[in-house]
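# Analysis of the macromolecular model
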Amino acid sequence: EPEVTQTPSHQVTQMGQEVILRCVPISNHLYFYWYRQILGQKVEFLVSFYNNEISEKSEIFDDQFSVERPDGSNFTLKIRSTKLEDSAMYFCASSDPGQGTHNEQFFGPGTRLTVL
Amino acid sequence: GQNIDQPTEMTATEGAIVQINCTYQTSGFNGLFWYQQHAGEAPTFLSYNVLDGLEEKGRFSSFLSRSKGYSYLLLKELQMKDSASYLCAVSNDYKLSFGAGTTVTVRA
């Protein structure tokens, strides 16, 4: 069964450093998303991406964040200058609204980011 | 804004039934999802409702009342492996807004 994959599974970085989190969505999906979950808190929407541009972004997704689809398979989230409060689990998800009507989002296993 | 409420914790006995309620007030609505999340893992899809009524899927059922902004997830014949967090999420323009999750503990 196709699945979303994410690398790395864990990332430790120093405050102020740049990090890039990588995702490979399900191959025939058209919509891509990033969510984050701070330990013990709810899953929060960051950004959605369709047709090579951002569809929607939340207040969390400020100028320090960017997304890119550099090729036909990868979808990346970059944090330019990490802060302590960026420590969280970051989930990538993808969906294909054309399949059925409910646009189920499939989540990857997550990247745990720790900022020291 | 989005406001999605669900109980923090529930405990039930193996073989029993548990009902997890979710109320929501959101600026848009394209449907309501329930996801299961084990600790340290990704959310996995359980059910989806967009019309009022009950959707049944094996041991899991989900109900929606759009006029009341209310949904519930019903877990029947509980098994130990059902111990997890259950997330209510409202879909709006292809993004999901999640509740804080309900941690269900199944006891032998």
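Residues numbered from 1 in each chain as written. Chains lettered and ligands numbered in written order. Predicted model: local features only at pLDDT ≥ 70, side-chain atom pairs only at ≥ 80, totals over all residues. Heavy atoms only, no water.

## Quick look at the overall build of chain B
Worth spelling out the cut-off: Secondary structure elements are taken from DSSP: a helix is a run of H or I of four residues or more, a strand is a run of E of two residues or more, and numbering for both begins at the N terminus. Radius of gyration: C-alpha atoms only; globule rule: 2.2 Å multiplied by the number of residues to the exponent 0.38.
Each helix and strand in chain B was counted, giving zero helices and eleven strands. Element order for chain B, N to C, with α for helix and β for strand: β-β-β-β-β-β-β-β-β-β-β. Against the 2.2 N^0.38 benchmark of 13 Å for 108 residues, chain B shows a C-alpha radius of gyration of 13 Å, consistent with a compact globule. The principal-axis extents of the C-alpha atoms in chain B amount to approximately 40 × 30 × 20 Å.

## What about the layout of surface pockets?
As a reminder of what qualifies: A 1.4 Å probe that fits but cannot get out identifies a cavity on a 1 Å grid over protein atoms alone, an open set with protein on both sides within 12 Å along at least five of seven lines counts as a pocket, and a residue lines either if it has an atom within 4 Å of a point. Grid points are joined across faces, edges and corners, and a volume is the space filled by probe spheres set on the points.
One number sums up the size of the largest pocket: a volume of about 440 Å³. Going through the elements one at a time, strand E9 (88–95) of chain A together with strand E9 (84–92) of chain B are the ones with two or more residues in the lining of the largest pocket. Among the elements that take part in the lining of the largest pocket, E9 of chain B stands out by supplying three residues, more than any other.

## A word on the state of the cysteines
All names here are of chain A. Convention followed: Two cysteine sulfurs form what is called a disulfide whenever their separation falls within 2.5 Å.
A full pass over the atoms with the stated rule returns two disulfides over all chains. Note on cysteine connectivity: Cys23 is disulfide-linked to Cys92, with sulfurs 1.9 Å apart. Looking along the S-S bond of the Cys23-Cys92 disulfide, the torsion reads about -65°, which is the left-handed sense. Taken together, the positions of Cys23 in strand E3 (residues 19–24) and Cys92 in strand E9 put the pair 69 residues apart, joining distant regions of the chain.

## So, the sheet that holds strand E6 (residues 53–57) of chain B
All names here are of chain B. Definition in use: In this scheme, strands are said to pair when DSSP sees at least two bridges between them. Axis definition: a line fitted to C-alpha atoms, over the contacting stretch in the case of helices. Angles run 0 to 180 degrees between N-to-C directions.
Strand order in the open sheet made by the five strands is E1-E3-E8-E7-E6, with antiparallel pairing throughout. Each edge of the open sheet is held by one strand with a lone partner, namely strand E1 (3–5) and E6. When strand polarity is set aside, the average angle formed by the axes of neighbouring strands in this sheet is 15°.

## What to know about the nonpolar core
One recurring pattern in soluble globular proteins is that nonpolar side chains are buried together. Under the convention used in this document: Here, nonpolar core refers to any group of buried Ala, Val, Leu, Ile, Met, Phe, Trp, Tyr and Cys residues whose side-chain atoms link them within 4.5 Å. Exposure categories follow from relative accessible area, calculated using a 1.4 Å probe and restricted to protein chains: below 20% of the type maximum is buried, above 50% is exposed, and the middle band is partly exposed. Pairs of residues are marked as contacts when any of their non-hydrogen atoms sit within 4.5 Å.
Ranked by internal contacts, the top residues of the largest apolar core, which has 22 residues, are Trp34, Leu46, Phe61, Val67, Phe75, Leu77 and Tyr90 of chain A. Secondary structure elements with two or more residues in this core: E3, strand E4 (31–37), strand E5 (43–50), strand E7 (65–68), strand E8 (75–79), E9 and strand E11 (111–115) of chain A. Residue contacts for Phe61 of chain A: discarding those within four places in its chain leaves Leu46, Val47, Ile54, Ser66, Val67 and Leu77 of chain A. Core analysis: the second largest hydrophobic core is formed by 20 residues, Ile4, Ile20, Trp34 and Phe60 of chain B among them.

## A closer look at unusual backbone geometry
Pro8 of chain A follows Thr7 of chain A through a cis peptide bond whose omega is -10°. Position of Pro8 of chain A relative to the elements: it lies in the loop between strand E1 (5–7) and strand E2 (10–13). One non-glycine residue, Asn51 of chain A, adopts positive backbone phi at about 55°. In this fold, Asn51 of chain A is placed in the loop between E5 and strand E6 (53–57). At Glu77 of chain B, a position not held by glycine, the phi torsion is positive, near 45°. Its location among the elements puts Glu77 of chain B in the loop between strand E8 (70–75) and E9. What makes Glu77 of chain B exposed here is its relative accessible area of 54%.

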